[in-house]
2 protein chains.
Amino acid sequence: MGGRTARAGGDTRTRIVDATAALLRRQGYEGTGVKQIARDAGATLGSVYHFFPEGKEQLAAEALRRDSEHYTELLRDGLRSSDDPAEAVAACAHLLADRLKESDWLDGCLVAATALEKVGRSPVIQRTWEESLAAWQEQIAAKLRTCGMPARTAEEAACTVLSALEGAEVLSRISSDDASLRTAAVYLGRLIVALRSDG
Amino acid sequence: MGGRTARAGGDTRTRIVDATAALLRRQGYEGTGVKQIARDAGATLGSVYHFFPEGKEQLAAEALRRDSEHYTELLRDGLRSSDDPAEAVAACAHLLADRLKESDWLDGCLVAATALEKVGRSPVIQRTWEESLAAWQEQIAAKLRTCGMPARTAEEAACTVLSALEGAEVLSRISSDDASLRTAAVYLGRLIVALRSDG
DNA sequence: CTCTGGATAGAGCGGTCGTTCTAGAACTCT
DNA sequence: AGAGTTCTAGAACGACCGCTCTATCCAGAG
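Attention here is on the structure that accompanies the text. Counting restarts for each chain: residues are numbered from 1 in the order of the written sequence. A letter from A marks each chain and a number from 1 marks each ligand, given out in the order of writing. Per-residue local features are limited, in this predicted model, to residues with pLDDT of at least 70; the limit for side-chain atom pairs, both in listing and counting, is 80 or more; totals at the level of whole chains, interfaces and linings are taken over all residues. Note that the side-chain values use all heavy atoms of the structure and ignore hydrogens as well as water.

### Remarks on the overall build of chain A
Heads up, the rule is: Every helix listed is a DSSP run of H or I at least four residues long, and every strand listed is a run of E at least two residues long, numbered separately from the N terminus. Residue contacts are counted whenever heavy atoms from the two residues lie within 4.5 Å of one another. Here the open area of atoms and residues is found with the Shrake-Rupley method and a 1.4 Å probe, where only the protein chains shown may cover a residue. Note that His is not counted, nor are the chain ends; the positive residues are Lys and Arg, and the negative ones are Asp and Glu. Charge positions come from single atoms, namely NZ of Lys, CZ of Arg, CG of Asp or CD of Glu.
Counting secondary structure elements, chain A contains nine helices and zero strands. Helices and strands appear in chain A in the N-to-C order α-α-α-α-α-α-α-α-α. Across its three principal axes, chain A shows a C-alpha extent of roughly 65 × 30 × 30 Å. Relative to all contacts within chain A whose residues are 6 or more apart in sequence, the contacts with residues 24 or more apart total 65%. A total accessible area of about 8300 Å² is found for chain A, and carbon and sulfur atoms account for 50% of it. In chain A, 25 positive and 29 negative side-chain charges are present, and the distance between their average locations comes to 5 Å.

Pasting the structure below:
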């Protein structure tokens, strides 16, 4: 058998992390088995534990970091799409809706998918969640500050925007309907407009 | 009829549903075992499958229905606390924050906790999610209409409020900090005020 | 009393879980 | 060429999974 000459899709380690991320997104932490990860990645159990000696938690933590970058890029693209922060935030919601719809409501945010079953029982993973959320919130807050919103207000509004985006994604997945995310786009936009006009 | 020996806490069937709800909230669907449910409920596996012959999914569906009622009551209490819809919605967020904090960030919304791992793979449970969300949204929308908000706007704003509450709860659980929910209280209030003033 | 049927009790089924372990293949360095 | 390292390969382990099954218990009906 072929040995280590990296199969299609990059080196083994990368394929394992990618497969982990994809599976965790769709079926959560407890619902995903290490053997299934190996199978999907086209690797063997031996390889998995060779690259990730700390096991499933390390695997999940790395997948979370990788996925976090994807969302950071999505937010960056959405936020850049308009000079108006209200429109920019709405664009982010629409990008999330597009992505979710394309995957038949399967691929949601990895943070949300893993958080609710592992919260409080894995310090390693906990840190990756917090880092991801902090980065995303700061991205949004920075955009809000560009229209002169006070730093404190921008930070808090960004927190609420993030909450609404995460929640709307959950609602959209449950009902197999992008309405929640599209609606959030509109009303978060209105919220930002309102905050701008009365400081 | 009726399990006659009924230990402390009501009849066996009720205890099983309660234990299921409590465990699902804390560790999700896949992370919760039927034997653990039986143990926590002070029942035996035989009793569990006697009352819930369709197994774990039926168990989860019933727990979801029970939990949904609790949230409906919480929303009702919050919404009744003020004539001003903006203040009423904020009160709901604070009630959620209080409840979450009391349980050391463990007891969140059962819908969110189970949705992300079972979405698209259990029609029975899917229906309970949708019914819960629809009921909660309508509760909030009804309150918004009391200040003359158009029905369509009220419905959409209620959807966004619900998204933000669910999302803020997730964020609060992750960071073991009620700031997200308290912030959502303030900014959802501002959103409603803004919607009222420009229709 | 016996009979009945809901409820309780838990051993046991086949299967999967995360993980460990040994063996060997492929490549580098000397 | 030989030694050493890295990576692949998958059998095997004990624990636990959801679920089935038989046996027993017990209140009320006759």
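### Notes on the relation of the copies chain A and chain B
Using the following cut-off: Least-squares fitting of one copy onto the other uses the C-alpha atoms of those residues that reach a pLDDT of at least 70 in both copies.
In the superposition of chain A on chain B (RMSD 0.0 Å, axial shift 0.0 Å), the rotation amounts to 180°. As the rotation angle and translation indicate, the two copies are arranged about a two-fold axis.

### Some points on helix α8 (residues 151–175) of chain A
All names here are of chain A. Here is the rule: A helix's residues, less one, multiplied by 1.5 Å, set its expected span. Accessibility here uses a 1.4 Å probe with only protein chains present; expressed as a share of the type maximum, an area under 20% marks a residue as buried, one over 50% as exposed, and anything in between as partly exposed.
In a regular helix each residue adds 1.5 Å, so 25 residues correspond to 36 Å; α8 covers 36 Å between its end C-alpha atoms and thus fits that length. Buried residues dominate α8, accounting for 20 of its 25 residues. Following α8 by one or two positions, Ser176 has its phi on the positive side, about 50°.

### Description of the interface of chain A and chain B
How big an interface is tends to be stated in terms of accessible area lost as the parts join. In plain terms, the rule: The buried area of a pairing is the accessible area, by a 1.4 Å probe, that goes missing from both parts when the two are put together, added over both. The salt bridge criterion pairs a side-chain nitrogen of Lys or Arg with a carboxyl oxygen of Asp or Glu, the two atoms within 4 Å. What qualifies as a polar contact is a pair of N or O atoms within 3.5 Å, subject to a donor-acceptor requirement within protein and to the restriction that residues adjacent in sequence count only when both atoms come from side chains. Under the scheme applied, nonpolar residues are Ala, Val, Leu, Ile, Met, Phe, Trp, Tyr, Cys and Pro; charged residues are Asp, Glu, Lys and Arg; polar residues are all the others, including Gly.
Facing the 42 residues of chain A at the interface are 42 residues of chain B. When chain A packs against chain B, the two sides together hide about 3700 Å² of surface, and 69% of this comes from carbon and sulfur. By the criterion of area lost to chain B, the three top residues of chain A are Leu116, Ile174 and Tyr187 of chain A, representing 22% of everything that side buries. In this assembly, chain A and chain B are joined by zero salt bridges. The interface formed by chain A and chain B contains six residue pairs in polar contact (both at pLDDT 80 or more). Per-class residue counts for the side of chain A that touches chain B are 21 nonpolar, 11 polar and 10 charged.

### Quick word on the packing of helix α4 (residues 56–80) of chain A against helix α5 (residues 85–102) of chain A
Between two packed helices, what matters for the description is the angle formed by their axes and the separation of those axes. All names here are of chain A. Quick reminder of the rule: Fitted lines through C-alpha atoms give the axes, limited to the stretch in contact for helices. The angle between two N-to-C directions lies from 0 to 180 degrees. When an angle is under 35 degrees it counts as roughly parallel; over 145 it counts as roughly antiparallel; between 65 and 115 it counts as roughly perpendicular; any other value is oblique. Rotating anticlockwise by less than a right angle from the far helix to the near helix defines a left-handed crossing, while the corresponding clockwise rotation defines a right-handed one.
Between α4 and α5, the shortest axis-to-axis distance is 7 Å and the interhelical angle comes to 135°. On the basis of their axis angle, the class for α4 and α5 is oblique. In the crossing of α4 with α5, the sense of the turn from one axis to the other is right-handed. Residues His70, Tyr71, Leu74, Leu75, Asp77, Gly78 and Leu79 of α4 form the contact with α5, whose own contacting residues are Ala88, Val89, Ala91, Cys92, Leu95, Leu96 and Arg99. For the contact of α4 with α5, a count of residues per class yields 10 nonpolar, two polar and two charged.

### Overview of the packing of α8 of chain A against helix α9 (residues 179–197) of chain A
Residue and element names in this part refer to chain A. Interhelical geometry of α8 versus α9 gives an angle of 165° and a closest axis separation of 8 Å. Judged on the interaxial angle alone, α9 and α8 are roughly antiparallel. By crossing handedness, the relation of α8 to α9 is classed as right-handed. Contacts between α8 and α9 involve Ala157, Val161, Ala164, Leu165, Ala168, Glu169, Leu171 and Ser172 on the former and, on the latter, Ala179, Ser180, Leu181, Ala184, Leu188, Ile192 and Leu195. Within the contact of α8 with α9, the residues separate by chemical class into 12 nonpolar, two polar and one charged.

### Examining the environment of Leu195 of chain A
Looking at where Leu195 of chain A falls in the secondary structure, it is placed in helix α9. The class of Leu195 of chain A is buried, set by a relative accessible area of 2%. Once the C-alpha coordinates of Leu195 of chain A and Val17 of chain A are considered, the two residues, 178 residues apart in sequence, prove to be 41 Å apart. The residues touching Leu195 of chain A, leaving out its near neighbours within four places in the chain, are Met149 and Ala157 of chain A together with Tyr187 and Arg190 of chain B.

### Side note on the pattern of salt bridges
Under the criterion given, the structure shown has 26 salt bridges over all chains. Taking the shortest distance from any N to any O, the salt bridge between Arg145 of chain B and Glu138 of chain B comes out at 2.8 Å. Look at Arg145 of chain B and you get partly exposed, because its relative accessible area is 34%. Ionic contacts of the salt-bridge type, sharing partners, join the residues Arg25, Arg26, Asp67 and Asp107 of chain A into one network.

### Quick word on the packing of aromatic side chains
Residue and element names in this part refer to chain A. Applied cut-off: Geometry of aromatic contacts follows a simple scheme: Phe, Tyr and Trp rings, the Trp one being its six-membered ring, pair when their centres are within 6.5 Å, and the pair is stacked under 30 degrees between planes, edge-to-face over 60, tilted otherwise. Each ring is checked for a lysine NZ or an arginine CZ that lies within 6 Å of its centre and within 35 degrees of its normal; such an atom marks a charge sitting over the ring.
Enumeration over the complete set of coordinates arrives at two aromatic pairs over all chains. Look at Tyr71 and Trp136: their rings are 5.6 Å apart centre to centre, the planes differ by 40°, and that puts the pair in the tilted class. Of this pair, Tyr71 sits in helix α4 while Trp136 sits in helix α7 (residues 123–145), and the two are 65 residues apart along the sequence. In terms of burial, Tyr71 and Trp136 fall into one category: buried. If you follow Arg99 out to its NZ or CZ, it ends over the ring of Tyr71, 5.2 Å from the centre.

### Things to note about the environment of Ala88 of chain B
Along the polypeptide, Ala88 of chain B turns up in helix α5 (residues 85–102). C-alpha separation for the pair Ala88 of chain B and Ala179 of chain B, spaced 91 residues apart in sequence, amounts to 18 Å.

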